[in-house]
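Descriptive structure summary
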Amino acid sequence: MSDLSELYQQVILDHNDRPRNFEKLEGANRTADGYNPVCGDQISVYLQLEGEVIRNVGFQGSGCAISKASASLMTATVKGKTTSEAEGLFERFREMVTGVPDGEVDHQELGKLAVFAGVREFPARVKCATLAWHTLRAALDGDRGTVATE
Ligand code: ZN
């Protein structure tokens, strides 16, 4: 295992142990629930949307380390961003985790989200990594139903 992937693992474990923004947000005006039946990951995303800007974001849920760390990093990344910036990041993120194993990763664009690049070597975990993002999108769309990755 390379030093880089070890570093990536540390970031993921850290966010799993101490998830950021792990709270049911008071004053949220958008929420959505997500479920990944393949792994059993569950998540609720809470957004405080002000016009086009995501002022605040929180999440709660339970699941594997990948799903929880991904949700933690997702919330830390999209806070303060516009809805279209968040959509763009989701597209980049999804391209990365579903890409070819040795493909280029746009570190500048993805920042810390690049720690999930290793997921593309484990197709079964892609849904764990993208669940939080699908749920974010459902919340942005104002869709109050539960989004499932299937
Ligand atoms: Zn999972």
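It should be noted that the structure appears before, not after, this text.
Residues numbered from 1 in each chain as written. Predicted model: local features only at pLDDT ≥ 70, side-chain atom pairs only at ≥ 80, totals over all residues. Heavy atoms only, no water.

1. Here we look at the packing of aromatic side chains
Condition: The pairing test for Phe, Tyr and Trp rings, Trp by its six-membered ring, is centres within 6.5 Å, and the orientation test on the planes gives stacked under 30 degrees, edge-to-face over 60, and tilted for anything in between. In DSSP terms, a helix is any run of H or I states spanning at least four residues, a strand is any run of E spanning at least two, and both are numbered starting from the N terminus. Only protein chains enter the accessibility calculation, which uses a 1.4 Å probe. A residue is then buried if its area is under 20% of the maximum for its type, exposed if over 50%, and partly exposed in between.
As enumerated under the stated definition, the model contains four aromatic pairs in all. When the centroid spacing of 5.1 Å and the interplanar angle of 75° are considered together, the rings of Phe22 and Phe59 count as edge-to-face. Of this pair, Phe22 sits in the loop between helix 1 (3–17) and strand 1 (30–36) while Phe59 sits in strand 3 (residues 53–62), and the two are 37 residues apart along the sequence. Ring centres 5.8 Å apart and planes at 75° place the aromatic pair Phe93 and Phe116 in the edge-to-face group. Of this pair, Phe93 sits in helix 3 (residues 83–97) while Phe116 is found in the loop between helix 4 (107–110) and helix 5 (126–140), placing the two residues 23 residues apart along the sequence. With respect to class, Phe93 is no different from Phe116; both count as buried. Taken together, Phe90, Phe93, Phe116 and Trp133 form an aromatic cluster joined through their ring pairs.

2. Topic: the coordination of the zinc ion
Four donors placed tetrahedrally about a metal ideally form angles of 109.5 degrees, and six donors placed octahedrally ideally form angles of 90 or 180 degrees. Which entries qualify depends on this criterion: In this analysis a donor is any N, O or S atom within 2.8 Å of a metal ion (3.2 Å for sodium, potassium and calcium), and since water is not included, sites may seem incomplete.
In this structure, Cys39 (SG), Asp41 (OD), Asp41 (OD), Cys64 (SG) and Cys128 (SG) serve as the protein donors to the zinc ion, at separations of 2.2 to 2.7 Å. Along the chain, the residues that donate to the zinc ion are spaced as C-x1-D-x22-C-x63-C. Of this pair, Cys39 sits in the loop between strand 1 and strand 2 (41–50) while Cys128 sits in helix 5, and the two are 89 residues apart along the sequence. The exposure class assigned to Cys128 is buried, which follows from its relative accessible area of 1%.

3. Points about unusual backbone geometry
Positive phi values are uncommon outside glycine, yet Asn21 reaches one of about 55°. Here Asn21 shows up in the loop between helix 1 and strand 1. On the accessibility criterion, Asn21 (17% relative accessible area) is buried.

4. Points about the sheet that holds strand 4 (residues 146–148)
Picture the strands of a sheet paired through backbone hydrogen bonds; they go either parallel or antiparallel. Under the convention used in this document: Should DSSP find at least two bridges between two strands, the strands are regarded as paired. Orientation is described by lines fitted to C-alpha atoms, with helices fitted over the stretch in contact, and by angles between N-to-C directions that extend from 0 to 180 degrees.
Reading across the sheet, the four strands line up as 3-2-1-4 and stay open at both edges, with mixed pairing between neighbours. If you trace the sheet from one side to the other, it starts and ends with strand 3 and strand 4, each paired once. Going across the sheet, the axis of each strand differs from the next one's by a mean of 25°, ignoring polarity. The pairing of strand 1 with strand 4 spans three bridges and is parallel.

5. Here's the deal with the pairing of strand 3
Pairing between strand 2 and strand 3: nine bridges, direction antiparallel. Bridging from a neighbouring strand, Glu50 pairs with Val53 of strand 3. Between strand 2 and strand 3, which pair antiparallel and follow one another directly, the connecting turn spans two residues, one of which, Gly51, has a positive phi of 60°.

6. Quick notes on the nonpolar core
Going by this rule: Residues grouped as a nonpolar core are buried Ala, Val, Leu, Ile, Met, Phe, Trp, Tyr and Cys residues, joined through side-chain atoms within 4.5 Å.
With 43 residues, the main nonpolar core has Phe93, Phe116 and Trp133 as its most contacted residues. Broken down by secondary-structure element, the contributors of at least two residues to this core are helix 1, strand 2, strand 3, helix 2 (65–78), helix 3 and helix 5. The biggest single contributor to this core is helix 5, with 10 residues.

7. Observations concerning the side chain of Arg120
The line we're drawing: The definition of a polar contact used here is a pair of N or O atoms within 3.5 Å, where within protein one atom must be able to donate a hydrogen and the other to accept one, and adjacent residues in sequence count solely through side-chain atom pairs. Here, residues are in contact when the closest pair of their heavy atoms is within 4.5 Å.
Along the chain, the position of Arg120 falls in the loop between helix 4 and helix 5. Polar side-chain contacts of Arg120 include one of 3.4 Å to the backbone oxygen of Val100. Here Ala117 takes part through its backbone oxygen, which lies 3.1 Å from a polar atom of the side chain of Arg120. In this view, Arg120 contacts Met96, Val97, Gly99, Val100, Pro101, Gly103, Glu104 and Val105; residues no more than four positions away in its chain are not counted.

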